[in-house]
Amino acid sequence: MKVLVIGGGAREHALCRSLSLDPDVTALHCAPGNAGIAEVAELHTVDALDGAAVAGLARRLEADLVVIGPEAPLVAGVADAVREQGIPVFGPSARAAELEGSKAFAKDVMAAAGVPTARSYLCTTPAEIDEALDAFGAPYVVKDDGLAAGKGVVVTEDIEAARAHALACVGVPPAPSRQRGGVVIEEFLDGPEVSLFAVTDGETVVPLQPAQDFKRAHDADQGPNTGGMGAYSPLPWADPKLVDEVMRTVLQPTVDELRRRGTPFSGLLYAGLAITSRGVRVIEFNARFGDPETQVVLARLRTPLSALLRAAATGTLASLPPLRWSDDAAVTVVVAAHNYPGTPRTGDPIRGLTEVAEKDAPGAYVLHAGTKKDDATGEVVSAGGRVLSVTATGGDLAAARERAYRAVGRLTLDGSHHRTDIAARAAGES
């Protein structure tokens, strides 16, 4: 199987790493990729938001499967363009991807499907914003209706900060692909958060293993929201029946509702969940693999990835054997650039990559997120906010944590920062 992966972050590096180890994959390509992905796949230049360009590249490469990693190309309809060329593609249509592209659309689907979620208001004016904030009270949860790279949500006790974010959201015209514009203000959901991925072909739904990520920039969940600073799997504290419950109350009803609407969802359905005092509630849906949870989930998957993704792309998931998983735990720690999640500093050399590969593999390894090769020096340098994901496995979370942080300690990136408490509580260390 010839596979083309679209994207260039740590999620795509994790996908490419798993595909490169898959005996059924005879050729692996990635566009645009990054410095780390270049070690396992052939890189190509392409505008990931240009459906015709991506489809043309897939044709030239004679790809048997196209895997679209990020959300923006999905919302832009890139999967549709590839499908029109008769090429199997893992990723939902633009209409189905509105489940992530518009928080208001997702709320509408959940209401129709009877999926438990937070009560919310869609606001488009300052008066509506004030009314919604007053109705729910603190802590205030304010979400940009559209895509915001994981940083469009503000959770705060400060009503002025909540109002400022809400006004900024409604002040931006909705993108052409979005069915609605505005800001979603909703009730705060108490309890721990869980990420659960499911692969679906529009009818059959196959859940993956749950994970937990860490959104805040600093230890003890302090600092601003980010795209994610680390993750771990499995969740020793979670109810063993959690996956079955989420399948029954969230994932299958959502897939069924989208199919009923004539917009079947094929690809990766990501449910961000809160385990509240009133039961499981959906915080949000994503239409693709989450980053950094993908890094730990794929580290534990033993079923060849290409067969799973192709079955979803070709409508044959029902005939796929049950997924096989490692009993090991996995932890990933994100190394971020100076000033992230603000405007990050880029171009700083990254040192220690070879040392990790020589001393820590295969128990720990580095997945590149925002990196590139410096043309003048040949060095790998930072090129984004989240620069690296250091992923490790072990017999339990404590062992995986120890390996991950030992590898992080070998890396140097001027001005970088990372959390030191990823999976600590779950591992019984705090």
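Described below are features of the structure shown in this document. If you're wondering where the values come from, they're calculated on a predicted model, not measured in any experiment.

## What to know about the layout of surface pockets
Thinking step 1. What the second largest pocket holds in volume is close to 450 Å³.
Thinking step 2. Among the residues making up the lining of the second largest pocket, the classes are represented as twelve nonpolar, five polar and four charged.

## Concerning the pairing of strand β19 (residues 364-368)
Thinking step 1. Most of β19 is tucked away: five of the five residues are buried.
Thinking step 2. Across the two faces of β19 the burial is the same, with Ala364, Val366 and His368 and Tyr365 and Leu367 all buried.
Thinking step 3. As judged from the five bridges shared by β19 and strand β22 (residues 386-394), these two strands associate in the antiparallel manner. Note on β22: the bridge partner recorded for alanine 364 is alanine 392.

## What about helix α8 (residues 159-170)?
Thinking step 1. A rise of 1.5 Å per residue sets the reference length of α8, with its twelve residues, at 16 Å; its end C-alpha atoms lie 17 Å apart and thus fit the reference within 8%.
Thinking step 2. Of all the residues in α8, the buried ones are Ala162, His165, Ala166 and Cys169. For α8, the arc enclosing every buried residue in end-on projection is 100 degrees, short of the 170-degree limit, so these residues lie on one face.
Thinking step 3. Where α8 is buried, its residues meet α7 (126-136), β7 (140-144), β8 (153-156) and β9 (183-186).

## Description of the side chain of histidine 13
Thinking step 1. Positionally, histidine 13 belongs in helix α1 (residues 10-20).
Thinking step 2. In terms of polar contacts, histidine 13 uses its side chain to reach the backbone amide nitrogen of histidine 368, at 2.7 Å.

## A word on the nonpolar core
Thinking step 1. Counting residues in each nonpolar core, the largest one holds 78 residues, and the members touching the most others are Leu4, Val66, Leu99, Leu251, Phe285 and Val331.
Thinking step 2. Setting aside chain neighbours within four positions, we find leucine 4 in contact with His29, Cys30, Ala31, Val54, Leu57, Ala58, Leu61, Ala63, Leu65, Val66 and Val67.
Thinking step 3. Within the second largest apolar cluster, 41 residues are counted, among which are Leu65, Phe90, Leu208 and Leu317.

## Focus: the pattern of salt bridges
Thinking step 1. Within the structure shown, the criterion is met by 26 salt bridges.
Thinking step 2. We note a salt bridge from arginine 261 to aspartate 108, for which the minimum N-O separation is 3.1 Å. Here aspartate 108 lies in helix α6 (residues 103-113) and arginine 261 lies in the loop between α9 (242-260) and β16 (267-276), a separation of 153 residues in the sequence.
Thinking step 3. Residue arginine 410 pairs with glutamate 355 through a salt bridge whose shortest N-O separation is 3.7 Å. Of this pair, arginine 410 sits in helix α13 (residues 397-410) while glutamate 355 sits in helix α12 (residues 353-359), and the two are 55 residues apart along the sequence.
Thinking step 4. By relative accessible area, arginine 410 is classed as partly exposed at 22%.
Thinking step 5. What you see here is one network of salt bridges that share partners, running through Glu355, Lys359, Asp360, Glu402, Arg406 and Arg410.

Calculation rules
- Residues numbered from 1 in each chain as written.
- Predicted model: local features only at pLDDT ≥ 70, side-chain atom pairs only at ≥ 80, totals over all residues.
- Heavy atoms only, no water.
- 1 Å grid on protein atoms, 1.4 Å probe; cavity = no way out; pocket = protein on both sides within 12 Å on 5 of 7 lines; lining within 4 Å.
- Points joined across faces, edges and corners; volume = space filled by probe spheres on them.
- Nonpolar A, V, L, I, M, F, W, Y, C, P; charged D, E, K, R; others polar.
- Buried < 20%, exposed > 50% of the residue type's maximum accessible area, 1.4 Å probe, protein only.
- Helix = DSSP H or I, 4+ residues; strand = E, 2+ residues; numbered from the N terminus.
- Pairing = 2+ DSSP bridges.
- Expected span 1.5 Å × (residues − 1).
- Arc of directions from axis to C-beta.
- Contact = heavy atoms within 4.5 Å.
- Polar contact = N/O pair within 3.5 Å; in protein donor to acceptor, adjacent residues only side chain to side chain.
- Core = buried A, V, L, I, M, F, W, Y, C linked by side-chain atoms within 4.5 Å.
- Salt bridge = Lys/Arg side-chain N within 4 Å of Asp/Glu carboxyl O.

Honestly, it's all geometry; don't read function into it.
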